[in-house]
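# Fold and contact review
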Amino acid sequence: GGETGGPCPSGDSWIFRNSEQEWTRLPDCASPRTYSSMALLPEVNGQKRIVLYGGIEKNRQVIQTTASPADTVVVLDPDSMTWTTRITTASGSFPAKRASAAMALSSSGLYLFGGIDTETNALQNDIWFLAGNSTSADQAAAGECVPIFTNFLLVHGLLMFFGWGVCLVWGTFIARYFSSSGTTWFLLHRIFQVSGLVLSFIGFVLGIVSVQFDHFKFAHGAIGIIVMLLGISQPFNALARPHRPSEGEKTPLKRRIWELFHHNIGRVAVALALINISLGVFLALAHTAVWALWFVYLIVVILVFVFFELLKIPVVHEKMAAILPMKTKEYPVSNEQKMENVAKTDDSQQGEK
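Residues numbered from 1 in each chain as written. Predicted model: local features only at pLDDT ≥ 70, side-chain atom pairs only at ≥ 80, totals over all residues. Heavy atoms only, no water.

### A closer look at the overall build of the chain
Threshold: Helix and strand definitions here come from DSSP, where helices need a minimum of 4 consecutive H or I residues and strands a minimum of 2 consecutive E residues; each element is numbered from the N-terminal end. Relative accessibility under 20% of the residue-type maximum defines a buried residue, over 50% an exposed one, and the middle range a partly exposed one, all with a 1.4 Å probe and only protein chains included. Should any heavy atoms of two residues lie within 4.5 Å, those residues are considered in contact. All accessible-area figures derive from a Shrake-Rupley calculation using a 1.4 Å probe, and residue coverage is judged against the displayed protein chains alone.
A count of helices and strands for the chain gives eight helices and twelve strands. For the chain, the residues scored as buried account for 37% of the 353 residues in total. Taking the intrachain contacts of the chain between residues at least 6 apart in sequence as the baseline, contacts between residues at least 24 apart amount to 61%. Accessible area for the chain stands at about 20200 Å²; split by element, carbon and sulfur atoms hold 65% of it.

Following this line, the structure appears as structure tokens:
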């Protein structure tokens, strides 16, 4: 996580090759963990193997994980850049699972000292010896690299995607471009906006609870708080809307101020939310396919909004109508006025009741 808003613990591993001066991500194998220990096994004929042992695998951010058994270590082959799990043996019991242990290379194996017991949080002062070398490591019984790992940040990301990235985006789209289609658009707008706010609020709470440091130390957290404050303000803003004047009457100052805030706060919130989801995809250490799909979706959203915004220009609409099967229409002063006509009708009906 490193105070960036990323997952903690994380399960990604990287190798830096000095000759190429670049980092390469390795295939995942070990369960996500923090404060694990690593040491190089004794080499045989120049063959290198590195042992990864211990670490903290569970904290308040983790929902489900495949914890590493006490008899298992994870071994890296730096030449093929692959991990394998290996099962160790013991004459008696195995070392208690621990984090932050010291490991040191000897001529015939590895020494392990101390650390923090991950079950009791007690400091350890015992010494253990793991006999073996790079060849015997390959000969040891192998386990499977099938870690199951789910954390609250994953759930947070999914809820924010469906809340802000889907419901609130397309709810705004409906209000902006389909307000001339009777009153159905207004019902859909309400459904999308309410659903989006509920999903995003739950995701917001999960993000706050699971991140274990100051949320203003990284851009994703700070923007997220601002976006949610803007989003939550919208329902209260809508409840406080002044009545729209009758046709021919001058719009009161209060009404103009309300329109300015309600419409533009929503647009700014949606724009910031899309930017913040883009940041979150990288912070979550998502696979390339995930962030590629997100950015394709984001580009589609932008292109759709730009296309419909251009159609609001009379000249463009007329030219497009000559190419596509589109009906010509009369252009209102603003779509916001149509929205308020529906809202005013609702207010009048409630007043009659």
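### Some thoughts on a nonpolar patch on the surface
Applicable threshold: By definition, no residue in a patch forms a salt bridge, and every one has over 30% relative accessible area; like charges are joined within 9 Å, nonpolar side chains (Val, Leu, Ile, Met, Phe, Trp, Tyr) within 5 Å. When a carboxyl oxygen of Asp or Glu is within 4 Å of a side-chain nitrogen of Lys or Arg, the pair counts as a salt bridge.
A cluster of nonpolar side chains, Phe201, Val205, Ile208, Val209, Ile232, Phe236 and Leu239, forms an exposed patch at the surface whose accessible area comes to about 660 Å². Listing elements by their share of the nonpolar patch, those giving two or more residues are α3 (184-210) and α4 (219-239). Ranked by residues supplied to the nonpolar patch, first place goes to α3 with four residues. One can find Phe236 in helix α4. For Phe236, a relative accessible area of 59% corresponds to the exposed category.

### Considerations on the UniProt feature "transmembrane region" (unreviewed entry) in the chain
Note the following rule: UniProt positions are given in the numbering used here, feature names are shortened, and annotations may be inferred rather than shown by experiment.
UniProt tags residues 153-179, 191-213, 219-240, 261-285 and 291-311 as "transmembrane region" (unreviewed entry). A helix fraction of 92% and a strand fraction of 0% characterise residues 261-285, whose end C-alpha atoms lie 36 Å from each other. Across residues 291-311, helical content stands at 100% and strand content at 0%; the span's end C-alpha atoms are separated by 30 Å.

### Description of the pairing of strand β1 (residues 14-17)
The condition that has to hold: Two strands qualify as a pair provided DSSP detects at least 2 bridges between them.
Strand direction decides the pairing type here: β1 and strand β2 (residues 22-25), joined by four bridges, are antiparallel. Each bridged residue has a counterpart across the sheet, and for Arg17 the counterpart in β2 is Glu22. The turn joining β1 and β2, which pair antiparallel and follow one another in sequence, is formed by four residues; a positive phi near 55 degrees is taken by Gln21.

### Concerning the environment of Glu309
Condition: Counting of polar contacts relies on pairs of N or O atoms within 3.5 Å, with two restrictions inside protein: one atom must be capable of donating a hydrogen and the other of accepting it, and residues adjacent in sequence are counted only when both atoms are side-chain atoms.
Following the sequence through the fold, Glu309 ends up in helix α6 (residues 288-311). Reaching out from Glu309, the side chain makes a polar contact with the side chain of Arg176 at a distance of 2.7 Å.

### Side note on the state of the cysteines
Put simply, the test is: Cysteine sulfurs are considered disulfide-paired once they come within 2.5 Å of each other.
Within this structure, the stated rule accounts for one disulfide. Two residues, Cys29 and Cys145, share a disulfide whose sulfurs are 1.8 Å apart. When the S-S torsion is -55 degrees, as for the bridge of Cys29 with Cys145, the disulfide is left-handed. In this pair, Cys29 is assigned in the loop between β2 and β3 (37-40) and Cys145 in the loop between α1 (134-139) and β12 (149-151), connecting sequence segments 116 residues apart. Note on Cys145: relative accessible area 31%, which makes it partly exposed.

### Digging into the sheet that holds strand β6 (residues 72-77)
Hydrogen bonds between backbone groups are what pair the strands of a sheet, and the pairing can be parallel or antiparallel. Defined as follows: All axes here are fitted lines through C-alpha atoms, helices being fitted over the stretch that makes contact, and every angle between N-to-C directions spans 0 to 180 degrees.
Judged by pairing direction, the sheet is antiparallel, and its four strands sit side by side in the order β3-β4-β6-β7 without closing on themselves. The strands lining the two open edges of the sheet, one partner per strand, are β3 and β7 (82-87). Along the sheet, successive strands turn relative to each other by an average axial angle of 30 degrees, direction set aside. Relative to strand β4 (residues 50-53), β3 is paired through four bridges, and the arrangement is antiparallel. Directly across from Ser37, in β4, lies its bridge partner Tyr53.

### Examining the packing of α3 against α4
Let me state the cut-off plainly: Put simply, a crossing is left-handed when the front helix is turned counterclockwise from the back one by less than a right angle, and right-handed when it is turned clockwise. The nonpolar class holds Ala, Val, Leu, Ile, Met, Phe, Trp, Tyr, Cys and Pro. Asp, Glu, Lys and Arg form the charged class, and all remaining residues, Gly among them, are polar.
Running from N to C, α3 and α4 point in directions that differ by 145 degrees, and their axes come no closer than 11 Å. The interaxial crossing formed by α3 with α4 has left-handed handedness. When α3 is examined against α4, the residues Leu197, Ser200, Phe201 and Phe204 are found in contact with a partner set consisting of Gly224, Ile225, Met228, Gly231, Ile232 and Pro235. Per-class residue counts for the contact of α3 with α4 are seven nonpolar, three polar and no charged.

### What to know about the side chain of Gln234
Here Gln234 lies in helix α4. Excluding anything up to four places from it in sequence, Gln234 contacts Phe261, His262, Ile265 and Gly266.

### Remarks on the nonpolar core
Applied cut-off: Joining through side-chain atoms within 4.5 Å is the link that ties buried Ala, Val, Leu, Ile, Met, Phe, Trp, Tyr and Cys residues into a set, and such a set is a nonpolar core.
Residues Trp164, Val169, Val270, Leu274, Ile277 and Trp294 are the most contacted members of the largest nonpolar core, which totals 16 residues. Contributions of two or more residues to this core are made by α2 (152-177), α4, α5 (253-283) and α6. Here this core gets six residues from one element, more than from any other, and that element is α5. Core analysis: the next-biggest nonpolar cluster, separate from the first, contains eleven residues, Leu41, Val51, Met103 and Leu110 among them.

### Some thoughts on the packing of aromatic side chains
Formally: Only the six-membered ring of Trp is used, alongside the rings of Phe and Tyr, when aromatic pairs are assigned; centres must lie within 6.5 Å, and planes under 30 degrees apart are stacked while those over 60 apart are edge-to-face, with the rest tilted.
Scanning the entire structure with this criterion turns up 20 aromatic pairs. Aromatic pair Phe173 and Phe305: ring centres 5.3 Å apart, planes at 70 degrees, arrangement edge-to-face. Placement of Phe173 in helix α2 and of Phe305 in helix α6 is noted, with a sequence separation of 132 residues between them. Classification of Phe305 as partly exposed rests on a relative accessible area of 21%. A centroid spacing of 5.9 Å and a plane angle of 45 degrees characterise the contact between Phe282 and Phe295, whose relative ring orientation is tilted. Of the two residues, Phe282 sits in helix α5 while Phe295 sits in helix α6, which places them 13 residues apart along the sequence. Given a relative accessible area of 45%, Phe282 falls into the partly exposed group. Using a relative accessible area of 25% as the deciding quantity, one classes Phe295 as partly exposed. The rings of Trp170, Phe173, Tyr177, Phe178, Phe305, Phe307 and Phe308 are connected pair by pair, giving a single aromatic cluster.

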